[in-house]
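So the chains spell out like this:
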Amino acid sequence: MPENVKLNADRFLGFADIYNNSRPQSPEKVKEILLNYLGRNPSQVIDLGCGTGLSTAIWSDVSRQVIGIEPSMDMQRIAKEKLANLSNIKFISAFSNDTGLENNYVDIITCSQSFHWMNPHQTLKEVSRLLTIGGVFAVYDYDWPPVCNWEAELAYSLLFEKVAEIESNHPKLKDSFVRWNKDNHLTNIKNSQEFRYVREIVFSNSENCNAQRLIKLALSQGGLQAILKEDKDRINPYLIRFQEKILEIYGNTEFSIDFCYRLRIGIK
């Protein structure tokens, strides 16, 4: 196992509850699109980098078996507790480039908001090995920040500009992870030559929100959490400013936000 892959998994220790309670569940639109491309209900689905199972549960009502693969035991613990009543879902601890599963038996493999933490070339080879002919691979991410009030979006963006600045200059943090560019996902899938057809689909999905959830969405991001663990005083003034601005804008009101999704698909 490459060391940088292990470092990426360690990045998500310690805030699984915040992640699970603020991040969006996978939209039904994802399932609808992938089932259309597959042309039938799947027998086997794998959710790579499944986190706390937010992207796993939607497959339980259409697939005989669903396997969530997640190296972070913090994340996997919550997934197992939350979905214990779904007997056709199981979770295993493994990495995307070495799942240990058998060849050519999976109909759908998904990566929700996780492919940028995986070595794309090694992962795509493993995905191709696992998929049946005609099987569907899907990588999907949502843009940050979600669509809401422009001042709230600006406050979010300013906070994470500071996160990026601190991470890139901090002696302990700058080499503590490897992140692959999301903008290259489609090209990497296409250039792997493992798929007969590749395309990107863009859509949005609305969810209810409040100020506390929007703040927790920021706190669910690994970069901010890494700084809070390692050098809290450097980010705290900016985090407090962000929290105050979000509470000033929204107070105790409920409002709608849109997550803008980019879905990249490869057909084996």
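Residues numbered from 1 in each chain as written. Predicted model: local features only at pLDDT ≥ 70, side-chain atom pairs only at ≥ 80, totals over all residues. Heavy atoms only, no water.

1. A few points about the packing of aromatic side chains
Condition: Each Phe, Tyr or Trp ring, with Trp reduced to its six-membered ring, pairs with another whose centre is within 6.5 Å; inter-plane angles below 30 degrees give stacked pairs, above 60 give edge-to-face pairs, and intermediate values give tilted ones. Burial classification: accessible surface area is computed with a 1.4 Å probe over protein chains only, and a residue below 20% of its type maximum counts as buried, one above 50% as exposed, and the rest as partly exposed.
Tallying each qualifying case throughout the model produces 12 aromatic pairs. Between Tyr250 and Phe255, the ring centres sit 3.6 Å apart and the planes meet at 10°, which makes this aromatic pair stacked. When sorted by exposure, Tyr250 lands in the same class as Phe255, which is buried. Through a chain of ring-to-ring contacts, the aromatic side chains of Tyr140, Tyr142, Trp144, Tyr156, Phe160, Phe203, Phe242, Phe259 and Tyr261 assemble into a single cluster.

2. Let's talk about the side chain of Ser63
The following threshold applies: Secondary structure is summarised from DSSP: a helix means a run of H or I of at least four residues, a strand means a run of E of at least two, and numbering begins at the N terminus for each. Any pair of nitrogen or oxygen atoms within 3.5 Å is treated as a polar contact; in protein, a donor-acceptor pairing is required on top of that, and neighbouring residues in sequence qualify only through side-chain atoms on both sides. Contacts between residues were defined by any pair of non-hydrogen atoms, one from each residue, lying within 4.5 Å.
Mapped onto the elements, Ser63 comes out in the loop between strand S1 (44–48) and strand S2 (65–69). Of the polar contacts made by the side chain of Ser63, one reaches the backbone oxygen of Pro42; its length is 3.5 Å. Those residues in contact with Ser63 that sit more than four places away from it in its chain are Pro42, Ser43, Gln44, Val45 and Asn88.

3. Considerations on helix H6 (residues 150–169)
Every α-helix winds through 3.6 residues per turn, so residues three or four apart in the chain are directed the same way. Keep this limit in mind: Multiplying 1.5 Å by the residue count of a helix minus one yields the expected span of that helix. This arc is built from the directions going out from the helix axis to the C-beta atoms.
In a regular helix each residue adds 1.5 Å, so 20 residues correspond to 28 Å; H6 covers 29 Å between its end C-alpha atoms and thus fits that length. Taken together, the buried positions of H6 are occupied by Ala152, Ala155, Tyr156, Leu159, Phe160, Lys162, Val163, Ile166 and Glu167. Looking straight down H6, one finds its buried side chains confined to an arc of 150°; they lie on one side. Residues of H6 that are exposed and point over 90 degrees away from its buried face: Trp150, Glu161 and Asn169.

4. Points about the packing of H6 against helix H8 (residues 211–219)
Here is the rule: Only the contacting stretch of a helix is used when fitting its axis, a line to C-alpha atoms as for every element, and angles between N-to-C directions run 0 to 180 degrees. An angle counts as roughly parallel when it lies under 35 degrees, as roughly antiparallel when it exceeds 145, as roughly perpendicular when it falls between 65 and 115, and as oblique in every other case. Should the near helix be turned anticlockwise from the far one by less than a right angle, the crossing is termed left-handed; should it be turned clockwise, right-handed. In the scheme used here, Gly and all other residues not listed as nonpolar or charged are polar, with Ala, Val, Leu, Ile, Met, Phe, Trp, Tyr, Cys and Pro taken as nonpolar and Asp, Glu, Lys and Arg as charged.
Orientation of H6 relative to H8, taken along the N-to-C sense of each, is 25°, at an axis distance of 11 Å. With respect to their mutual orientation, H6 and H8 come out roughly parallel. Crossing handedness for the pair H6 and H8: right-handed. Judged by residue contacts, Ala152, Tyr156, Leu159 and Phe160 of H6 engage Leu214, Leu217 and Ala218 from H8. Taken together, the residues of the contact of H6 with H8 sort by class into seven nonpolar, no polar and no charged.

5. Comments concerning the sheet that holds strand S7 (residues 255–267)
For clarity, the cut-off: Pairing between two strands requires that DSSP report at least two bridges joining them.
Read across the open sheet, the seven strands follow the order S3-S2-S1-S4-S5-S7-S6; overall the sheet is mixed. Pairing within the sheet leaves two strands with one partner each, and these edge strands are strand S3 (89–92) and strand S6 (197–209). Within this sheet the neighbouring strands show an average axis-to-axis angle of 20°, counted without direction. Bridge count for S1 against S2 is five bridges, and the pairing is parallel. Looking at the pairing, Val45 lines up with Val66 of S2.

6. Examining the nonpolar core
Heads up, the condition is: By nonpolar core is meant a set of buried Ala, Val, Leu, Ile, Met, Phe, Trp, Tyr and Cys residues that side-chain atoms within 4.5 Å join together.
By size, the foremost hydrophobic cluster in this structure holds 54 residues, and its most contacted members are Leu34, Trp59, Leu214, Leu224, Phe242 and Ile265. Counting residues per element, the ones that place at least two in this core are helix H3 (28–38), S3, strand S5 (131–142), H6, S6, H8, helix H9 (222–250) and S7. At nine residues, H9 tops the list of elements feeding residues into this core. Setting aside residues no more than four positions away along its own chain, Leu214 makes contact with Pro146, Cys148, Ala152, Tyr156, Cys209, Phe242, Ile246, Tyr250 and Phe255. One finds Tyr105, Val106, Met118 and Val198 within the second-largest nonpolar core, a separate group that totals 21 residues.

7. What to know about the pattern of salt bridges
To be explicit about the condition: Definition used for salt bridges: Asp or Glu carboxyl oxygen within 4 Å of a side-chain nitrogen of Lys or Arg.
What the rule picks out here adds up to 15 salt bridges. Salt-bridge contacts for Asp143 lead to Arg262; the nearest nitrogen and oxygen are separated by 3.0 Å. Of this pair, Asp143 sits in the loop between S5 and H6 while Arg262 sits in strand S7, placing them 119 residues apart in sequence. By relative accessible area, Arg262 is classed as partly exposed at 31%.

8. Points about the environment of Leu158
Tracing the backbone through its elements, the reader meets Leu158 in helix H6. Sequence separation between Leu158 and Tyr238 is 80 residues, and the spatial gap between their C-alpha atoms is 8.5 Å.

9. A closer look at unusual backbone geometry
Omega for the bond connecting Trp144 with Pro145 falls within 30 degrees of zero, at -10°, which places this linkage in the cis form. Among the secondary structure elements, Pro145 is positioned in the loop between S5 and H6. Look at Asn104: it is not a glycine, yet its phi comes out positive at around 50°. Its location among the elements puts Asn104 in the loop between S3 and strand S4 (106–112). Given the relative accessible area of 47%, Asn104 is considered partly exposed. Phi angles above zero are rare outside glycine, and Gln113 is one such case at about 50°. If you trace the backbone, Gln113 turns up in the loop between S4 and helix H5 (120–130). Overall, Gln113 belongs to the buried group, its relative accessible area being 8%.

So far we have only geometry, and geometry alone does not tell us how the molecule works.
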